[in-house]
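Letter by letter, the chains look like this.
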Amino acid sequence: MTAPEVRLSEMRVGLDARTIRVGMHGVGTYVYRLVEYLTQQQVHCVLFVDPNVELPQFSRPDTLTIQAVHSTNHVGVARYLDERLMLPGLMKKHRLSLYHATDSHGLPFHSPVPTVLTVHDVIPLMLDEYLNRWTKLVYRASLVQSIQSANRVITISQFSKHEIVRHTAVDPKKIAVIYNGYTAVPGTYTAEWQAFQRTHGIQGPVVAYVGGLGPRKNIERLLKAFSIVRARHPELSLILTGRKKETIQKSIQTYVRLIAALHLEKSVVFTDYLEEASLNALRTHAQLAVYPSLSEGFGLPVIEAMALGVPIVASNVSAIPEVAGDAAVLVSPLSEKDIATGMLQVLEDAPLRDQLIAKGKARAKDFSWEAMGSSTLDVYRQVLGAA
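The structure displayed is predicted, hence computed values, not measured ones. (Residues numbered from 1 in each chain as written. Predicted model: local features only at pLDDT ≥ 70, side-chain atom pairs only at ≥ 80, totals over all residues. Heavy atoms only, no water.)

The six strands lie next to each other as 10-9-8-11-12-13, forming an open sheet whose pairing is parallel. Edge positions in the sheet fall to strand 10 (268-272) and strand 13 (329-331), since each has one partner strand and no second. Along the sheet, successive strands turn relative to each other by an average axial angle of 25°, direction set aside. (Pairing = 2+ DSSP bridges. Helix = DSSP H or I, 4+ residues; strand = E, 2+ residues; numbered from the N terminus. Axes fitted to C-alpha atoms, helices over the stretch in contact; angles between N-to-C directions.)

Here's what the structure looks like:
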């Protein structure tokens, strides 16, 4: 017997929105775009937010309820207890149809409503740089319990699905793969690029790196690869974006020492955080974008570069080949020589460069936030129909 269709205007969805804030990225962008899609479909969203941050504007505030919660989105005992003890009461208070935990864990042992869980990746379990031994134990316990409690699990790539199954032994049939979208809008960005050049003292051609600056982003090998490339192209500058967060200051100091050892002080620029228009200007006017990460659950900067018509050199590991397809030069992130060879190919082979740009623009059309939202709403319908 077919389950009855759930009317969107009667649906009340609670979402963990503690990652949403002005200047957000990553998971915050994912949740924000999902909320924007759902509210456009007349779904009422109850957002559980961090009261200590400034929230962005929403296009349909009339279909939103904001609920402040005490714990942050950081892994820890306070968050773990808050989600297990306080959340069920808030679900009842707001008469939720469904609750969506959007940041890899955070479901109570016994929920009064059906639940969906998005697990973006399990990188904190794969790499040691994120959590100490105690918080890793808490994270693993919370992740496994949340996966077991959820009616359905969403992840963002086949690679992430494989890793989730490998680390938690969940039934693969419980997991739906729904790709992320992107917000990069193609354009000339001439004024923004001129302002960027003035701000950072850049005159010649550039190679762009857009992403974080933590150890798994592989910045040390990128710097060594750029040193090789610059021996043949001394006019180039390497632009490194990403916040210089307190948690990665040790890594930043390592990069600065390496830059000095490689005599790259005048050709490597750290920009810190950039607004989206400046990011798009940088990538649009770059000779190429490079993304040598050691592990990614998706790799959004790859898609954004492709959409902007920038040829890209990227890692041949984790989810990146799945996302890039045949529209990027894929290299081993463990070899600075391989990274450099890929960059030189794009810089010196004009037909290859043109081919990558065309393929990249075509590949980017396979991803959108609207498609992500629509597929997620389908999961909600399935869960509610089976409840």
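Within strand 2 (residues 44-49), six of the six residues are buried, which leaves the element mostly enclosed by the surrounding structure. Along strand 2, one buried face is formed by H44, V46 and F48 and the opposite face, lined by C45, L47 and V49, is buried too. Of the strand pairs in this sheet, strand 1 (residues 12-16) and strand 2 are connected by five bridges, and their pairing is parallel. What sits directly across from L15, in strand 2, is L47. In this fold, strand 1 hands off to helix 1 (residues 27-40), which returns the chain to strand 2; that crossover is right-handed. As paired elements, strand 2 and strand 3 (residues 64-68) share five bridges and run parallel to each other. When the bridges of strand 3 are listed, C45 appears paired with L64. (Buried < 20%, exposed > 50% of the residue type's maximum accessible area, 1.4 Å probe, protein only. Right-handed = clockwise from strand over helix to strand, strands pointing away.)

The subject of this paragraph is the nonpolar core. By size, the foremost hydrophobic cluster in this structure holds 68 residues, and its most contacted members are L240 and M343. Counting 31 residues, the second-largest nonpolar core is a separate cluster that includes L15, A17, V35 and W369. (Core = buried A, V, L, I, M, F, W, Y, C linked by side-chain atoms within 4.5 Å.)

Let's shift gears to the sheet that holds strand 5 (residues 115-118). Spatial ordering of the open sheet is given by 3-2-1-4-5-6-7, a layout of seven strands whose pairing is parallel. Since the sheet does not close on itself, it has two edges, and those belong to strand 3 and strand 7 (175-177), each with one partner. On average, adjacent strands in this sheet sit at an angle of 20° to one another, irrespective of strand direction. As defined by bridge partners, strand 5 adjoins strand 6 (residues 152-155) across three bridges and the pair is classed as parallel. Bridged to L117 within strand 6 is V153. In this fold helix 6 (residues 158-168) packs onto strand 6 and strand 7, with an angle of close to 160° to the strand it touches most, strand 7. (Contact = heavy atoms within 4.5 Å.)

Before going further, it helps to spend a moment on the pattern of salt bridges. Oppositely charged side chains can pair when the atoms bearing their charge come close. For the structure on display, the rule yields 11 salt bridges. Residue E296 pairs with K217 through a salt bridge whose shortest N-O separation is 2.6 Å. Linking E296 in the loop between strand 11 (288-291) and helix 11 (300-307) with K217 in the loop between strand 8 (206-209) and helix 8 (219-232), this pair joins segments that are 79 residues apart in sequence. Look at E296 and you get buried, because its relative accessible area is 6%. A residue is classified by how much of its surface remains accessible, and K217, at 10% relative accessible area, is buried. Between D378 and R381 there is a salt bridge, with its nearest N and O atoms 3.1 Å apart. Residue D378 and its partner R381 are located together in helix 15 (residues 369-386), separated by three residues, close to a single helical turn. Residue D378 is classed as partly exposed on the basis of its relative accessible area, which comes to 33%. Note on R381: relative accessible area 25%, which makes it partly exposed. Residues joined by salt bridges that share partners form a network here, namely R216, K217 and E296. (Salt bridge = Lys/Arg side-chain N within 4 Å of Asp/Glu carboxyl O.)

What follows concerns helix 1. Residues lying three or four places apart along an α-helix face the same way, a consequence of the helix completing one turn every 3.6 residues. Given a rise of 1.5 Å per residue, 14 residues ought to cover 20 Å, and the 20 Å separating the end C-alpha atoms of helix 1 matches this to within 8%. Most of helix 1 sits out of view: 11 of its 14 residues are buried. Following helix 1 by one or two positions, Q42 adopts a phi angle in the positive range, close to 75°. (Expected span 1.5 Å × (residues − 1).)

What follows is about the side chain of T168. Inspection of the secondary structure assignment puts T168 in helix 6. Among the polar contacts made by the side chain of T168, one reaches the main-chain carbonyl oxygen of I164 at a distance of 2.6 Å. The contact partners of T168, leaving out residues within four places of it in the chain, are L143, V144 and I147. (Polar contact = N/O pair within 3.5 Å; in protein donor to acceptor, adjacent residues only side chain to side chain.)

Next up on the list: unusual backbone geometry. Here the phi dihedral of N218 falls at roughly 70°; this positive angle occurs in a residue that is not glycine. Here N218 lies in the loop between strand 8 and helix 8. Even without glycine at this site, D272 takes up a positive phi of about 65°. Within the element layout of this structure, D272 appears in strand 10.

Right, let's talk about the packing of helix 11 against helix 14 (residues 350-364) for a bit. In a pair of packed helices, the angle between the axes and the distance between the axes together describe the arrangement. Look at helix 11 against helix 14: their axes get within 7 Å of each other, and the N-to-C directions meet at 115°. When the axes of helix 11 and helix 14 are compared, the crossing they make is left-handed. Counted together, I303, M306 and A307 of helix 11 and G360, K361, R363 and A364 of helix 14 form the full contact between these two elements. Grouping the amino acids of the contact of helix 11 with helix 14 by side-chain chemistry returns four nonpolar, one polar and two charged. (Left-handed = near helix turned anticlockwise from the far one by under 90°. Nonpolar A, V, L, I, M, F, W, Y, C, P; charged D, E, K, R; others polar.)

All right, on to the pairing of strand 10 then. Every other side chain in a regular strand lies on the same face of the sheet, so the side chains alternate between the two faces. With four of five residues buried, strand 10 lies mostly within the body of the structure. Relative to strand 10, strand 9 (residues 237-241) is paired through four bridges, and the arrangement is parallel. Across the sheet, residue I239 finds its bridge partner in strand 10, namely V269. Handedness of the crossover is the feature at issue here: the chain leaves strand 9, passes through helix 9 (residues 249-261), returns alongside strand 10, and the resulting connection is right-handed.

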